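The primary structure of each chain is shown beneath.
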Amino acid sequence: MHGVPTTDGTTQPPAEPDPRTGIGEFLRSRRARLRPRDVGLPEQGGLRRVPGLRREELARLAGVSVAYYIRLEQGRGHNVSAAVLDALGDALRLTPAERDHLTHLARPVSRRIRPAARPQRVRPAVQQLLDAMEQVPAYVIGRRLDILAWNRPARALLGDFAALPREERNLARQVFLDPAARALYENWDAKAADVVGYLRRDAGRHPDDPALAGLIGRLSCDSPEFRRLWAAHEVQDKGFGVKVLRHPRAGRLTLACETLTLPADPGQQVITYHAEPGSRSAEALRLLASAQEKTTERSLSSSEARPPLGRSV
C-alpha cells in the first residue's frame, strides 16, 4: 500500500478509515462552514477561536446536551437515534448525501474480520444494453469508482479502458493520475471535487475495505490536489449534469451526463453521455463513434487474418 508523504520527505502508510475519528472530522468540517447568522443565531462579540459554529451552538440547535454532542464528535456516542441524526442534519444544513454519510459514520458496520469481497461482475444483459447504445458513450462504475464495463463510444470519448491493466480501470485514478484526463475535462477542478465526494461516500459505507484504503493512500501520495480535496470532507452522490470536454479529435463537446442505478446490482451504476439532438456536439459524437467502430472492425479483421499466438494453424 502506498504511503502519504511527510514533512521530512519520507512516507507513512495511510491510516485505515476509522468511524470513530471519521464522524468527528466530518462534524467539525460541517460546523466550520456555517456561521451563527447562517442558522439564525446572533453574532457574539469578540474573536472566535474556531471557524464556524461552536459545539455548544450546534448542540443547542440540535436539541441535545453539549456533553452528549462532545461524546458524539469524539466517536464515543453509541446507539445514536435517528431523531438525533435528523436534528443534526437539520442544524448543519446537510444535503441528502451528507445525511446518508453521517448515518453510516454514526452506525458503522461491525469491524469483525470478513472474507474478501468478491470482484464485481457486470451481468451479460447489462453489457448487451451498453453495446446497443451505439451513439451514446456509456460505462458501468462500481465500488471504489472501478470502471467495470463500457461500450465503443465510451472508449472513443474517454479512452481505451481495455488497454489498461484491470487495477488501473478506475475513475479516480484516471482523473488524478492521468494527464490525458486532466486535459479532457474543461472544468477539471469541478470533476476532481465530484470524484473525491463519491469516494468519501464510499469510505463511509465501507470503512473496512482494504482496497479502498489502498486507493485513497495511493492518490494521497501521488496527488496534492487529491490530498487537499480529501481533507475537506465533502460528500456527494452521482447524479446528472452537463460536462464540457475538450477531445483531441472531436474538439469541444457539451454533453449531458446521467447516472442510472442498477437496482439488481448493488453498487453498480451506468454513466451515460449524450448531446442535444442536432447540435455540433451530437454530430461530433456520431463521427467519433463511427470512427471507433471502423477501427475496431479493422482490428478484428487483422487479428482473424493472423494465427493466434501460441497455437498452430
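Placed above this text is the structure.
Numbers given for residues are sequential positions, taken from 1 along each chain in its written order. Only residues with pLDDT of 70 or above have their local features reported here, since the model is predicted, and side-chain atom pairs are shown and tallied only from 80 upward, although totals for entire chains, interfaces and linings are computed over all residues. With hydrogens and water stripped out, all remaining heavy atoms of the structure feed into the side-chain values.

A. Representation of helix α5 (residues 96–106) in the model. Note on classification: 1.4 Å probe, protein chains only; a residue is buried when its accessible area is under 20% of the maximum for its type, exposed when over 50%, partly exposed between these limits. To qualify as a helix, a DSSP run of H or I must reach at least 4 residues; to qualify as a strand, a run of E must reach at least 2; elements of each kind are numbered from the N terminus. Among the residues making up α5, those that are buried are Ala97, Glu98, His101, Leu102, Leu105 and Ala106. Viewed along the axis of α5, the buried residues span an arc of 165°, placing them on a single side of the element. The directions from the helix axis to the C-beta atoms form the arc being described.

B. Main features of the nonpolar core. Only buried Ala, Val, Leu, Ile, Met, Phe, Trp, Tyr and Cys residues count toward a nonpolar core, and they belong to the same one when joined by side-chain atoms within 4.5 Å. Membership of the largest hydrophobic core comes to 42 residues, with the highest contact counts inside it found for Tyr139, Leu157, Leu158, Phe176, Tyr185, Leu199 and Tyr273. By residue number, the principal contributor to this core is helix α10 (residues 188–205), which donates 7 residues. Setting aside its immediate chain neighbours within four residues, Leu157 contacts Pro137, Leu184, Leu245, His247, Leu253, Leu255, Tyr273, Leu285 and Leu288. One finds Ile23, Leu34, Ala59 and Leu105 within the second-largest nonpolar core, a separate group that totals 25 residues. It only takes one pair of heavy atoms within 4.5 Å for two residues to be counted as in contact.

C. Just the pairing of strand β5 (residues 241–247), in detail. Pairing between β5 and strand β6 (residues 251–261): 7 bridges, direction antiparallel. Note that in β6 the partner of Gly241 across the bridge is Cys257. Any two strands with at least two DSSP-identified bridges between them are counted as paired. Where β5 folds back on β6, the antiparallel hairpin that results is connected by 3 residues.

D. Up close: the packing of aromatic side chains. Aromatic rings from Phe, Tyr and Trp, with only the six-membered ring used for Trp, were paired whenever their centres fell within 6.5 Å, and each pair was classed as stacked if the ring planes differed by under 30 degrees, edge-to-face if by over 60, and tilted otherwise. In the structure shown here, the tally under the stated rule is 5 aromatic pairs. The structure contains a cluster of three or more aromatic residues connected by ring pairs, namely Phe176, Trp188, Phe226 and Trp230. Over the aromatic face of Tyr198 sits the side chain of Lys238, whose NZ or CZ is 5.1 Å from the ring centroid. To sit over a ring, a charge needs its Lys NZ or Arg CZ within 6 Å of the ring centre and within 35 degrees of the ring normal.

E. View of the side chain of Arg31. Along the chain, Arg31 turns up in helix α1 (residues 19–32). The exposure class assigned to Arg31 is buried, which follows from its relative accessible area of 8%. Apart from residues lying up to four places away in sequence, Arg31 is in contact with Pro51, Gly52, Leu53, Arg54, Arg55, Leu58, Tyr69, Glu73 and Leu92.

Structural measurements only, silent on function.
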